[in-house]
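# Inside the fold
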Amino acid sequence: MKAVLLDKLTAGRDIVLSECPVPEVRPGWVLVKVKAFGLNHSEKLLRLNELLEDYIQKPIIPGIECVGEVADPSDSGLAVGQRVVALMGGMGRSFNGSYAEYALLPRRIVFTVDSNLPWELLGAVPETYFTAWGSLFECLHLTADDVLLIRGATCALGYASIQIAKAVGCRVIATTHRKEKLSLIAEADEAVLDDGRLTGKIHGAAKALDLVGPVNLKDTLTAVEKGGIVCQAGLLGGVYTLNGFDPIKDIPNGVCLTGFFSNYPTQRLMDEIFAFLNEHRLVPFCGKVFDFAHIGDAIAAQDEGKVNGKIVIKL
């Protein structure tokens, strides 16, 4: 089969497809014929930095999500040809991931899906919509009465979060740090240019989804109303930890801080997400689709920020 194999730090323009054997099925694992997968910031971090870590066994096939059909169910109880989605749980790091024609995956991260979406749109869903869903409902307890701030909204996760929040019926304030991208978040009720300080510039938001991360987190905490909740679920700002953070002083009285770690999907949650998409007739937002033969071009576009929204690879 064809696959992307990484054994060293690799920029998008240097990505090539290699030939390797189709994985041999074993008990507890499912062989999936990959039909599509999305590109994620997490995979970019792996390619450009994390690959140096000793816990990454190299060469590794990256990719933390995919959609496809069961090629060999092993002892899983699934059926050959069944539509499935798979994501996280060590995929593309602890074991080979989805940048391949076939992926051998633990049964615990392979989920059946009830959807008639074409493969390329289905490929835009798993990790992005799972993270949006968990952040908005498990962490922020979002309701129709809420005013929601989405900081760093011009990314795949931001677009999905706006879409879900508007379907719920709440008011959405979305931000971007680039003036030319304000039009991309026009679906929000209010689009705000973010210069690094929102405190005092936005009003009424009791819930906040921060996708920029630690670089602006203290300001997000003071930008929400007293009694509000802030969920940090992204690292777009390029700062990954917050040294010197003092929870007593830096979290305002009455404000709660939480975060969403998307490593534990379940069948129940995936069923809820697709039922919601079906009920509200939502079409997953996809920035651009590339075929697998041109995955190098797709990853180069990711590195250069040339695509607005989710990049999906179709096989």
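Residues numbered from 1 in each chain as written. Predicted model: local features only at pLDDT ≥ 70, side-chain atom pairs only at ≥ 80, totals over all residues. Heavy atoms only, no water.

### A closer look at the nonpolar core
Which entries qualify depends on this criterion: The definition of a nonpolar core used throughout is a set of buried Ala, Val, Leu, Ile, Met, Phe, Trp, Tyr and Cys residues joined through side-chain atoms within 4.5 Å. Residue exposure (1.4 Å probe, protein chains only): buried if accessible area is under 20% of the type maximum, exposed if over 50%, otherwise partly exposed.
Residues L148, M270, I273 and F274 are the most contacted members of the largest nonpolar core, which totals 51 residues. Judged by nonpolar contacts, the second largest core, of 41 residues, contains W29, A100, L104 and L105.

### Observations concerning the pairing of strand β4 (residues 65-72)
Threshold: Should DSSP find at least two bridges between two strands, the strands are taken to pair. Numbering of helices and strands starts at the N terminus; helices are DSSP runs of H or I of at least 4 residues and strands are runs of E of at least 2.
Here strand β3 (residues 29-38) pairs with β4 via 5 bridges, running antiparallel. Bridge pairing in β4 links L31 to D72. When β4 meets strand β5 (residues 83-87), the two strands line up antiparallel, connected through 5 bridges. Residue pairing for β5: G68 is matched across the bridge by V84.

### Some remarks on helix α3 (residues 126-139)
Operational definition: The length a helix should cover is 1.5 Å for every residue beyond the first.
The end-to-end C-alpha distance of α3 is 18 Å, a good match for the 20 Å that 14 residues give at a rise of 1.5 Å each. The buried fraction of α3 amounts to 12 of the 14 residues, a majority that puts the element mostly inside the structure. Within α3 the residues assigned to the buried category are P126, E127, T128, Y129, F130, T131, A132, W133, G134, S135, L136 and C139. A positive backbone phi angle near 50 degrees is found at H141, which sits one or two residues after α3.

### Notes on the packing of aromatic side chains
Which entries qualify depends on this criterion: Only rings of Phe, Tyr and Trp enter the pairing, Trp through its six-membered ring, and a pair is recorded when the two centres are within 6.5 Å. The plane angle decides the type: under 30 degrees is stacked, over 60 is edge-to-face, the rest tilted. We count a charge as sitting over a ring when the NZ of a lysine or the CZ of an arginine lies within 6 Å of the ring centre and within 35 degrees of the ring normal.
Under the criterion given, the structure shown has 9 aromatic pairs. Summarising the aromatic geometry, the rings of W29 and F95 are spaced 5.3 Å apart at their centres and angled 80 degrees between planes, so their arrangement reads as edge-to-face. With W29 in strand β3 and F95 in the loop between β5 and β6 (102-106), this pair connects stretches of sequence that are 66 residues apart. The buried category is assigned to F95, whose relative accessible area is 13%. Taken together, a centroid distance of 4.9 Å and an interplanar angle of 20 degrees make the contact between F37 and Y99 stacked. Separated by 62 residues along the polypeptide, F37 in strand β3 and Y99 in the loop between β5 and β6 bring together distant segments of the chain. Ring pairing ties together the aromatic residues F37, Y99 and F292, which thus form one cluster. Just above the ring of W29 sits the side chain of R26; from NZ or CZ to the centre is 4.0 Å.

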